[in-house]
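Here's the letter readout for the chains.
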Amino acid sequence: MSDLWWQTKGEGNNDLVLLHGWGLNAGVWHNIEAELGSHFRLHLVDLPGYGRSKGFGSLTLEQMADIVLAKAPERAIWLGWSLGGLVASQIALARPERVKALVTVASSPCFTAAEGWPGIKPDVLAGFQRQLSEDFQRTVERFLALQTLGTETARQDARLLKSIVLEQPMPDVDVLNGGLEILRTADLRAGLAESVVPHLRLYGRLDGLVPRKVVPLLDVLWPHSSSLIFDKAAHAPFISHPAEFCQAVLEWEQRLT
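Anyway, here's the lowdown on the structure attached to this text. Because the structure is predicted, anything quoted here is derived from the model rather than measured.

Here is what the cut-offs are and how they apply
- Residues numbered from 1 in each chain as written.
- Predicted model: local features only at pLDDT ≥ 70, side-chain atom pairs only at ≥ 80, totals over all residues.
- Heavy atoms only, no water.
- Phe/Tyr/Trp six-rings, centres within 6.5 Å; stacked < 30°, edge-to-face > 60°.
- Helix = DSSP H or I, 4+ residues; strand = E, 2+ residues; numbered from the N terminus.
- Buried < 20%, exposed > 50% of the residue type's maximum accessible area, 1.4 Å probe, protein only.
- 1 Å grid on protein atoms, 1.4 Å probe; cavity = no way out; pocket = protein on both sides within 12 Å on 5 of 7 lines; lining within 4 Å.
- Points joined across faces, edges and corners; volume = space filled by probe spheres on them.
- Nonpolar A, V, L, I, M, F, W, Y, C, P; charged D, E, K, R; others polar.

## Considerations on the packing of aromatic side chains
Here is step 1: All chains considered together, the criterion is met by 6 aromatic pairs.
Here is step 2: Ring geometry for W22 against F143: centres 4.7 Å apart, planes inclined by 65 degrees, an arrangement best described as edge-to-face. A residue pair is termed long-range when its members are at least 10 positions apart, and W22 in the loop between β2 (15-19) and α1 (30-37) and F143 in helix α5 (residues 136-148) qualify at 121 residues. The pair formed by W22 and F143 is uniform in burial state, with each residue classed as buried.
Here is step 3: Ring plane angle 80 degrees and centroid distance 4.9 Å describe the contact between W81 and F238, whose orientation is recorded as edge-to-face. Of this pair, W81 sits in strand β4 (residues 76-81) while F238 sits in helix α10 (residues 237-240); the two residues are 157 residues apart in sequence, bridging distant segments of the chain.
Here is step 4: On the basis of relative accessibility, which here comes to 0%, the residue F238 falls in the buried class.

## Notes on empty space enclosed by the protein
Here is step 1: Under the defined criterion, the tally for this structure stands at 2 cavities of 30 Å³ or more.
Here is step 2: Its boundaries defined by the atoms lining it, the largest cavity holds a volume of some 70 Å³.
Here is step 3: Along the walls of the largest cavity sit 13 residues, with S89, T104, S108, P109 and W222 positioned nearest its centre.
Here is step 4: The set of elements that each furnish at least two residues to the lining of the largest cavity consists of α3 (83-94) and β6 (199-204).
Here is step 5: Its residues placed into classes, the lining of the largest cavity shows 6 nonpolar, 6 polar and 1 charged.
Here is step 6: One number sums up the size of the second largest cavity: a volume of about 40 Å³.
Here is step 7: In terms of lining residues, the second largest cavity is bounded by Q147, T148, T151, D157, A234, H235, A236, I239 and S240.
Here is step 8: Listed by contribution, the elements that provide at least two residues to the lining of the second largest cavity are α5 and α10.
Here is step 9: Class assignment for the residues of the lining of the second largest cavity results in 3 nonpolar, 5 polar and 1 charged.

Here it is, written out as structure tokens:
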């Protein structure tokens, strides 16, 4: 049986749905839960097949978005990190009337590098997919370590991410492979260029998975959106710099009203 794990907590009139990244679960939001929960009604989700959302196999981006949307409040602010940013973006594209605003964190509409577009080299993602079947846990740990590389708190942040993964059941290999396939193939650049949903893009200057060179390109491609780079953060700014992260989200949200 497939069942999406969903928890609602916090105060405030606005709903804020939080979508985590590849390999992880809603435990990643622990550092910012209390602060954001004092301003929003938070919706914590384990993406289909991850953490406590068991019983799902490999899914496309569209399928994952549909499953999450089916359990969501009628109209919410959607905040997605990395792979979760793609899911939130897909929801904003497909059902803009359900999205009051969109926040993407260390995410790209196209994660794979191509001519004129910075990103992860295709052979790196293909290598992770290949290694999953050979050494499942080590591959996940390597990917998590990449997310904190270069920050002042890299080791403790990587340990925290690893502990969050291990607190819950590990996703099945086919689920993880499906997530990597989404990262390898998704391209929402053109679709989101037409979007009128208010959009805040948050980045880490030290991010090795979403290069900062993406930021000015999207500033031009998506002039309706706004961007902010955390100078000393990498791929998980809400873990390394929780206070600054919450401040950025709250200040932007106040300007919406």
